[in-house]
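# Coordinates in review
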Amino acid sequence: MQQVPLSEVEERVYQAVSALEARGHVPYPDLIAEETGLTEEELRAPLHLLTEKNLLHREDSPMAGLDFGPRWCARQMA
């Protein structure tokens, strides 16, 4: 498989999402921000870029009426 080049910030965000999922947490933007030490505003660009690179995907809240915002899930790098 070809390695996808990531910036340092993209790597931090991807690792944070993976770590949150591994611990059983839902990777909402506020938790990702806390994990990376970035603000939610600073996360927008790396989340978008990681989605374009097919490393993350966005899921909207699955429960009607309980929308906590989008969550970001890591795609496994095979």
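Residues numbered from 1 in each chain as written. Predicted model: local features only at pLDDT ≥ 70, side-chain atom pairs only at ≥ 80, totals over all residues. Heavy atoms only, no water.

## Structural notes on the pattern of salt bridges
In the structure shown here, the tally under the stated rule is three salt bridges. When the shortest N-O distance is used, the salt bridge between R23 and E35 registers 2.7 Å. Of this pair, R23 sits in the loop between α1 (8-22) and α2 (29-36) while E35 sits in helix α2, placing them twelve residues apart in sequence. Of the residues examined, R23 reaches a relative accessible area of 46% and is grouped as partly exposed. Residue class for E35 comes out partly exposed when judged on its relative accessible area of 33%. Across the pair R44 and E41 runs a salt bridge, and its minimum N-O distance is 3.0 Å. With R44 and E41 both in helix α3 (residues 40-52) and three residues apart, the pair spans about one turn of that helix. Looking at E41, the relative accessible area reads 53%, which means it is exposed. (Salt bridge = Lys/Arg side-chain N within 4 Å of Asp/Glu carboxyl O. Helix = DSSP H or I, 4+ residues; strand = E, 2+ residues; numbered from the N terminus. Buried < 20%, exposed > 50% of the residue type's maximum accessible area, 1.4 Å probe, protein only.)

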